[in-house]
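What follows is each chain in one-letter form.
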Amino acid sequence: MITELGHFALILAFCLTLPQAFFGLAGAAYRKPHWMAVTHRAAAGQFVFAGVAFACLSYSFYVNDFSVLYVAQNSNSALPTFYRFSAVWGAHEGSLLLWLFVQAAWTVSVAAFSRNMPHAMTSRVLGVLGVISAGFALFILTTSNPFERLWPAAMDGRDLNPLLQDPGLAIHPPMLYTGYVGFSVPFAFAVAAMLEGKLDSMWARWVRPWATIAWMFLTIGISLGGWWAYYELGWGGWWAWDPVENASFMPWLVGTALIHSLAVTEKRGLFKSWTLLLSISAFSLSLLGTFLVRSGIIESVHAFASDPSRGLFILVFLGICIGAALTLYAWRAPLFRSQAGFAPISRESFLLFNNVLLVAAAALILIGTLYPLFLDAFGLAKISVGPPYFAIAFLIPMLPLVFLLAPGMHASWKKASFGRIKTTLTMLLIVAIIAGIAIPVAVYGWRSIISAAGIVAALWVAFSALIEPVGRLRKGQSLSAGVLGMSVAHLGLAVFILGATTVESYSEEADLSLRPGQSAEHAGFVFTMNSLREIDGPNYRAVESEIVITRDGEQVTVLHPQKRVYRVQTMPMTEAGIDSSWNHDLFIAMGDHLGNGAWSVRLQYKPMVLFIWLGAFIAAMGGLISTFDRRYRQRVHAEVKVGSVADAKSA
């Protein structure tokens, strides 16, 4: 009964996307207020029915309803309750239902929080979002129905993929999907602006908080994925340039460019073409990531094993979205030219360089990700593009971008006149150079000029991010949420760069064998395996070692890494033992049993790895803070047309 209710709710959600799309677009085109009102009701109904469908599937997992094929394939009666819930999005069908529910949540949020916008613009935006929701709902109903029955019902399930039986993976996909889907809102605003032929500073003000919130969720989602890979996969790394990792990182880069481009469009009425293309590209890359994960053309621990027909559907849908949006852009682009200018050295110039470098980084990653797939598809060769290419390709645009950040934050609009801030920036740069070279050399030793440059850049950006908030607070001046959010986000970026540079430059790793009673020295610590014992978990068996870590004869900590084998899927998994402190991690992972009581063990010393996750979280919180700026809650009193006198004055 619950399964049938969920399937029926899914059908109703799809049915409501159609009037939302039609009446939203047609109502705005023909200025029919009653038609436009339908879009809000349809969006609310779609959210309710998508939520009912998701709740029904969740209940099927909770009660172990193995007459549902998707539940039988991805759960088990011995699976802990927490993981039964996360198993709802643990494979293809359920993750798409989550996607549809999140899409409906974004849509109803736009409907609810767009009262300060003209009705025609809101209607067009909801209409475009309805088209996107209709595409995904149709995809689920025709190729990926999570409510398909299994007759006769299975006695028990095949269990959830052991890789996904982890708290980090329970939180990571919803955050990532919320970011992915969130970029459909700027995309919808861009299409709506092109349909209306009007894009002004007020439009940018409407779009900016939505783009920032989507960016915030994607930032958290990506960092959670890196954190999970670090402690769960047993290799001790946090980013492998895996194709699916790249698929999430590319829209993040373009989304970062988008929120900066929106700042220029809002303040000066410039970069309108940039803003439109970045809005289209961010969502298009999100769809491309969905295609890569679900098409079966790549191998990754993050990918879903799916048949090619599903990938073909997404590829066609991607082509329709991109093709329609770019065709509309080609038609409407002449309307969005601005006569305003700016000096070669100005905030606009710095933000233009920012956009170019971020897009260049995304393009280089896109080439490295897709090039092997194209060669394979045409039968030319089978090659693998690995981390060395991506590290160099990413570093080339990122190093200048980071060094431009500090002056760019404090440059004036139209023409930069740094004034007294120039002296402050120069002094901070000198301090950053001295501290960025002397402190790491004293603590870790010299590594390379790239390592030194990364640490110096991180310190300079961190110091520069604090100039404006500290200066205003010292003068007793108020600090707007926009300024504070910008400073916090850039400070988070600096913390991330500091952590990533340090851990990549100064990590120490050793692979060796240990048996009970044996010790090994690594990175100034002594690791002693005291004992081994067998453990029975709820749905796995494990061998757990007790490893005592000492330094200078004093005990630092005791870790208990495990080697697990899950009963149903008989899949071995490594549960690392990690001792975390603010300035380093000690990481231990058990490998294979070597006989005679000996086990292969990986020991790692990871300096400042915590700063990677801390920096990402701080940056995301900066984005969140900026959305509380008062100007995003101002109502529209007059509509300004592109090219109008009012627009020229605001520029």
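Residues numbered from 1 in each chain as written. Predicted model: local features only at pLDDT ≥ 70, side-chain atom pairs only at ≥ 80, totals over all residues. Heavy atoms only, no water.

S.K.: Let's hear about the overall build of the protein chain: which residues, and what values?
M.R.: Counting its regular elements, the protein chain contains 19 helices and 10 strands. Here the C-alpha atoms of the protein chain give a radius of gyration of 26 Å, agreeing with the 26 Å that 2.2 N^0.38 yields for 651 residues. Its C-alpha atoms put the protein chain at 85 × 75 × 55 Å along the principal axes. Relative to its 651 residues, the protein chain shows a buried fraction of 57%. In the protein chain, the share of contacts with a sequence separation of at least 24, taken over all contacts with a separation of at least 6, comes to 74%. By element, 65% of the accessible surface of the protein chain is carried by carbon and sulfur atoms, the whole surface being about 27500 Å². For the protein chain, the centre of its 43 positive side-chain charges and the centre of its 36 negative side-chain charges are spaced 19 Å apart. (Helix = DSSP H or I, 4+ residues; strand = E, 2+ residues; numbered from the N terminus. Rg over C-alpha atoms; globule rule 2.2 N^0.38 Å. Buried < 20%, exposed > 50% of the residue type's maximum accessible area, 1.4 Å probe, protein only. Contact = heavy atoms within 4.5 Å. Areas by Shrake-Rupley, 256 points an atom, 1.4 Å probe, with all protein chains shown as cover. Lys, Arg positive; Asp, Glu negative; His and termini not counted. Charge placed at Lys NZ, Arg CZ, Asp CG, Glu CD.)

S.K.: A description of the domain arrangement of the protein chain should follow, citing residues and the corresponding values.
M.R.: Segmenting the protein chain into domains produces domain 1 (1–160), domain 2 (170–410) and domain 3 (508–607). Spacing between the C-alpha centres of domain 1 and domain 2 amounts to 25 Å. Each partner contributes residues to the interface: domain 1 has 37 residues there, and domain 2 has 35 residues. Roughly 3100 Å² of surface becomes buried between domain 1 and domain 2 when both sides are summed, with 81% attributable to carbon and sulfur atoms. When the area that domain 1 buries against domain 2 is broken down by residue, the three leading residues are Trp99, Trp106 and Met121, summing to 25%. Counting across the interface, domain 1 meets domain 2 through one salt bridge. In this structure, the salt-bridge partner of arginine 124 is glutamate 196, at a minimum N-O distance of 3.4 Å. Remark: the boundary between domain 1 and domain 2 carries three residue pairs in polar contact (both at pLDDT 80 or more). Contributions of two or more residues to the side of domain 1 that touches domain 2 are made by α4 (81–86), α5 (92–112) and α6 (119–143). The element contributing the most residues to the side of domain 1 that touches domain 2 is α6, with 13 residues. Split by residue class, the side of domain 1 that touches domain 2 holds 22 nonpolar, 12 polar and three charged. (Domains from an automatic or database assignment. Buried area = accessible area lost by both parts, 1.4 Å probe. Salt bridge = Lys/Arg side-chain N within 4 Å of Asp/Glu carboxyl O. Polar contact = N/O pair within 3.5 Å; in protein donor to acceptor, adjacent residues only side chain to side chain. Nonpolar A, V, L, I, M, F, W, Y, C, P; charged D, E, K, R; others polar.)

S.K.: Residues and numbers for a nonpolar patch on the surface, please.
M.R.: A cluster of nonpolar residues, Leu395, Ile433, Ile437, Val441, Trp446, Ile449 and Ile450, forms a patch on the protein surface that exposes about 610 Å² of accessible area. Among the elements that make up the nonpolar patch, the one with the highest residue count is helix α15 (residues 420–443) (three residues). Relative to the assigned elements, tryptophan 446 resides in the loop between α15 and α16 (449–474). (Patch = residues over 30% accessible without salt bridge, like charges linked within 9 Å, V, L, I, M, F, W, Y side chains within 5 Å.)

S.K.: Lay out the sheet that holds strand β9 (residues 584–595) with the relevant residues and their values.
M.R.: Spatially, four strands are ordered β1-β10-β9-β8 in an open sheet, and the strand pairing comes out antiparallel. At either margin of the open sheet sits one strand with a lone partner, and together these are β1 (508–514) and β8 (577–580). Pairwise comparison of adjacent strand axes, ignoring direction, gives a mean angle of 15° for this sheet. Bridge count for β1 against strand β10 (residues 598–607) is seven bridges, and the pairing is antiparallel. The residue of β10 that forms the bridge with leucine 512 is valine 601. Of the strands in this sheet, β8, β9 and β10 touch helix α9 (residues 201–232), which is tilted by about 45° from β9. Where helix α17 (residues 481–506) meets the sheet, it contacts β1 and β10, and its direction lies at approximately 135° from that of β10. (Pairing = 2+ DSSP bridges. Axes fitted to C-alpha atoms, helices over the stretch in contact; angles between N-to-C directions.)

S.K.: For the state of the cysteines, give the residues involved together with the corresponding values.
M.R.: Across all of its chains, the model carries zero disulfides by this definition. Left unpaired, cysteine 56 is separated from the closest cysteine sulfur, that of cysteine 15, by 16 Å. Overall, cysteine 56 belongs to the buried group, its relative accessible area being 6%. (Disulfide = S-S within 2.5 Å.)

S.K.: Which residues make up the nonpolar core, and what values go with them?
M.R.: Ranked by internal contacts, the top residues of the largest apolar core, which has 134 residues, are Phe187, Phe189, Trp203 and Leu253. In terms of residues, this core owes the most to one element, α9, which gives 17 residues. Apart from residues no more than four positions distant in its own chain, leucine 253 is found in contact with Leu358, Ala361, Ala362, Ile365 and Phe394. One finds Val402, Ala432, Val461 and Val495 within the second-largest nonpolar core, a separate group that totals 28 residues. (Core = buried A, V, L, I, M, F, W, Y, C linked by side-chain atoms within 4.5 Å.)

S.K.: Explain the packing of aromatic side chains to me, and be specific about the residues and the numbers.
M.R.: One pair of aromatic rings is described through two measures. These are the centre distance and the angle between the planes. Inspection of the entire model under this criterion finds 33 aromatic pairs. Relative to phenylalanine 101, the ring of phenylalanine 47 has its centre 5.6 Å away and its plane inclined at 15°; by these criteria the two rings are stacked. Linking phenylalanine 47 in helix α2 (residues 33–62) with phenylalanine 101 in helix α5, this pair joins segments that are 54 residues apart in sequence. On the accessibility criterion, phenylalanine 101 (22% relative accessible area) is partly exposed. Ring centres 5.1 Å apart and planes at 40° place the aromatic pair phenylalanine 187 and phenylalanine 283 in the tilted group. Highlighted residues: phenylalanine 187 in helix α8 (residues 184–196) and phenylalanine 283 in helix α11 (residues 272–294), separated in sequence by 96 residues. (Phe/Tyr/Trp six-rings, centres within 6.5 Å; stacked < 30°, edge-to-face > 60°.)

S.K.: I'd like to hear about the pairing of β10, residue by residue, with values.
M.R.: A large share of β10 lies buried, amounting to eight of its 10 residues. In the sheet, β9 pairs with β10 via nine bridges, with the strands oriented antiparallel. Residue pairing in the sheet places aspartate 585 in a bridge with lysine 606 of β10. Between β9 and β10, which pair antiparallel one after the other, the connecting turn spans two residues, and asparagine 596 there sits at a positive phi close to 55°.

S.K.: Report on the environment of aspartate 629, specifying residues and quantitative values.
M.R.: Looking at the secondary structure, you find aspartate 629 in the loop between α18 (610–626) and α19 (645–650). Spatially, the C-alpha atoms of aspartate 629 and alanine 21 are 31 Å apart, while their sequence positions differ by 608 residues. In contact with aspartate 629, not counting residues within four places along its chain, are Ser480, Ala481 and Gly482.

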